[in-house]
Amino acid sequence: MACMNYISEINGFERWLETHQLPMTAQLLWYKLIYWSSRAGWPEWTQVDNRRLMVSLQITREASLAENRERLVNAGLIAYQRGKKGSPGRYRIISFEGNTTKCTYNLNVQNVVYPEVYSEVYSEVQTVAINKEKEKKKLKKSISKDIPEKYAQNPELDAAVREFIAYRKSRKKPMTDRAVTMLLDKLEVLAPGDDAQKIAILEQSVFNSWTGVFALKKDQEGKETEDKSRTLANNRFHNFPQSTTSYDDLMQKKLKARMMEEGSG
């Protein structure tokens, strides 16, 4: 096994970059690989798992890691051997100095460094996962924040509003703070200052499986029935046949009929 000079290899890599193009992610990958190779005692092949490399490079797609690794291989900067199931892939740094120096490191150093580095990276991965979970919870909370203390001063109306919000949630149509504000405004338009009617409107929506609020249906029907009854009564009055006989004519007819009865008697 040949040892490399860390500084010489970095200088050689920087000189190589003066005449070659390489994306920043691929450059960072080379620096990470030579660091771990140095830390492991310059073995010919260094095992590094993909997750550790992805965390170090701050990338989330394994395809991006594979793409930048392939760039280094094609450029002749590294060699790569795919790992078997349960075993990380292996990397070999191709030295700019020709690997002429014999390595005097203890070969057992890799067994010490590998668990230490893996533990460190695993902790980083856990931290990333925890942060992602926190972001999800934060996003979910922003859609539907904690219920405030009161929606209305009237306890019964406040309870009715909460029940309607819970009902919407059960229908998989949760309400945002903005939606609740619009609900309260519409209730005030439909029943200004009348808490009892507002409660009835909310109960009507829940009973009919509506997700919105509307004027009380029974009031509309009652008004329509009353209007129809009034119209029908007016029609009956106007359609009644009018009499053309006056009161005097009726009295004269009645008097003649009585005189005829007396004369015949």
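One can find the structure itself at the top, above this paragraph.
What counts, and at which threshold
Numbering of residues starts from 1 in every chain and runs along the sequence as written. pLDDT decides what is reported in this predicted model: residues at 70 or higher carry local features, side-chain atom pairs at 80 or more are listed and counted, and totals for whole chains, interfaces and linings draw on all residues regardless. To get the side-chain values, take all heavy atoms of the structure and skip hydrogens and water. Whether a residue is buried, partly exposed or exposed follows from its accessible area with a 1.4 Å probe, protein chains only, as a fraction of its type maximum: under 20%, in between, or over 50%, in that order. Numbered from the N terminus, helices here are DSSP runs of H or I no shorter than four residues, and strands are runs of E no shorter than two. In the sections that follow, a salt bridge refers to a side-chain nitrogen of Lys or Arg positioned within 4 Å of a carboxyl oxygen of Asp or Glu. Under the rule applied, a polar contact is a pair of N or O atoms within 3.5 Å (in protein, one hydrogen donor and one hydrogen acceptor; residues adjacent in sequence only if both atoms are side-chain atoms). Contact between two residues is taken to exist if any of their heavy atoms lie within 4.5 Å; hydrogens are not considered. Criterion used throughout: strands pair if DSSP finds at least two bridges between them. To obtain an axis, a line is fitted to C-alpha atoms, over the contacting stretch when the element is a helix, and the angle between two such axes runs from 0 to 180 degrees between their N-to-C directions. Oblique is the label for any angle not covered by the other classes, which are roughly parallel (under 35 degrees), roughly antiparallel (over 145) and roughly perpendicular (65 to 115). To estimate how far a helix should extend, the number of its residues minus one is multiplied by 1.5 Å. The arc in question is traced by the directions running from the helix axis to the C-beta atoms. Residues belong to one nonpolar core when they are buried, are Ala, Val, Leu, Ile, Met, Phe, Trp, Tyr or Cys, and are joined through side-chain atoms within 4.5 Å. In this scheme Phe, Tyr and Trp rings, the latter by its six-membered ring, pair at centre separations within 6.5 Å, and the angle between planes marks the pair as stacked below 30 degrees, edge-to-face above 60, and tilted otherwise. Here, over-ring charges are defined by two tests on the NZ atom of lysine or the CZ atom of arginine: distance to the ring centre within 6 Å, and angle to the ring normal within 35 degrees.

Caption draft 1: Just helix H3 (residues 50–57), in detail. With six of eight residues buried, H3 lies mostly within the body of the structure. For H3, the full list of buried residues reads Arg-52, Leu-53, Met-54, Val-55, Ser-56 and Leu-57. Taken from the residues just after H3, Gln-58 is the one with a positive phi, measuring 60°.

Caption draft 2: Representation of the pattern of salt bridges within the structure. Under the defined criterion, the tally for this structure stands at four salt bridges. Where Arg-71 meets Glu-67, a salt bridge forms, and the shortest distance between an N and an O atom there is 2.9 Å. Taken together, the residues Arg-71 and Glu-67, both in helix H4 (residues 62–74) and four residues apart, mark about one turn of the helix. One salt bridge connects Asp-158 with Arg-162, and the closest N-O pair in it is separated by 2.9 Å. Of this pair, Asp-158 and Arg-162 both sit in helix H6 (residues 155–170), four residues apart, which is roughly one turn of that helix.

Caption draft 3: Seen up close, the side chain of Ser-56. Take Ser-56: it is sitting in helix H3. A distance of 3.0 Å separates the side chain of Ser-56 from the backbone oxygen of Arg-52, its partner in a polar contact. Not counting chain neighbours up to four residues away, the residues in contact with Ser-56 comprise Leu-28, Lys-32 and Trp-36.

Caption draft 4: How the structure looks around the sheet that holds strand S4 (residues 89–93). In space, the three strands of this open sheet follow the order S2-S4-S3, with antiparallel pairing throughout. Two strands close off the open sheet at either side, each with one partner strand: strand S2 (46–48) and strand S3 (78–81). For this sheet the average axis-to-axis angle between neighbouring strands, irrespective of direction, equals 30°. Here three bridges tie S2 to S4, and the two strands are oriented antiparallel to one another. If you follow Val-48 over to S4, its bridge partner there is Gly-89. Here H4 sits on the sheet and contacts S3 and S4; the angle it forms with S3, its principal contact strand, is near 125°.

Caption draft 5: Expanded view of the environment of Glu-70. Looking at where Glu-70 falls in the secondary structure, it is placed in helix H4. The spacing of Glu-70 and Tyr-80 is 10 residues in sequence and 8.8 Å in space, taken between C-alpha atoms.

Caption draft 6: Geometry of the packing of helix H2 (residues 24–39) against H4. Contact geometry of H2 with H4 gives a least axis separation of 9 Å together with a crossing angle of 75°. In terms of orientation, H2 and H4 fall into the roughly perpendicular class. Seen from H2, the contacting residues are Thr-25, Ala-26, Leu-29, Trp-30 and Leu-33; seen from H4, they are Leu-65, Asn-68, Arg-69 and Leu-72.

Caption draft 7: Expanded view of helix H1 (residues 6–17). Here H1 spans 17 Å end to end across 12 residues, near enough to the 16 Å set by a 1.5 Å rise per residue. Listed in full, the buried residues belonging to H1 are Glu-9, Ile-10, Gly-12, Phe-13, Trp-16 and Leu-17. In an axial view of H1, the angular spread of the buried residues amounts to 160°, which keeps them on one side of the axis. Against the buried residues of H1 lie H2.

Caption draft 8: Quick peek at the nonpolar core. In this structure, Leu-22, Trp-30, Leu-33, Leu-53, Leu-72, Leu-77 and Ile-78 are the most contacted members of the largest nonpolar core, which totals 25 residues. Contributing elements (two or more residues each) for this core: H1, H2, H3, H4 and S4. Discounting residues that sit within four places of it in the chain, Leu-22 has contacts with Phe-13, Trp-16, Leu-17, Gln-27, Arg-71, Leu-72 and Leu-77. Among the nonpolar cores identified, the runner-up in size contains 18 residues, and Tyr-167, Met-175, Val-180 and Leu-202 belong to it.

Caption draft 9: The arrangement of the packing of aromatic side chains in detail. One pass over the full model with this rule turns up 10 aromatic pairs. Summarising the aromatic geometry, the rings of Tyr-6 and Trp-42 are spaced 6.2 Å apart at their centres and angled 55° between planes, so their arrangement reads as tilted. You can see Tyr-6 sitting in helix H1 and its partner Trp-42 sitting in the loop between H2 and S2, a full 36 residues away along the chain. Measuring from centroid to centroid gives 5.9 Å for Phe-164 and Tyr-167, while their planes differ by 45°, and the two rings are tilted. Of the two residues, Phe-164 and Tyr-167 are both situated in helix H6; the distance of three residues between them amounts to about one turn of the helix. The buried category is assigned to Tyr-167, whose relative accessible area is 12%. By the ring-pair criterion, three or more aromatic residues cluster together here, those being Phe-13, Trp-16, Trp-30, Tyr-31 and Phe-96. Here Arg-52 stacks its cationic end above the ring of Trp-36, 5.4 Å away from the centre of that ring. Taking the ring centre of Tyr-80 as reference, the NZ or CZ of Arg-69 above it sits at 4.0 Å.

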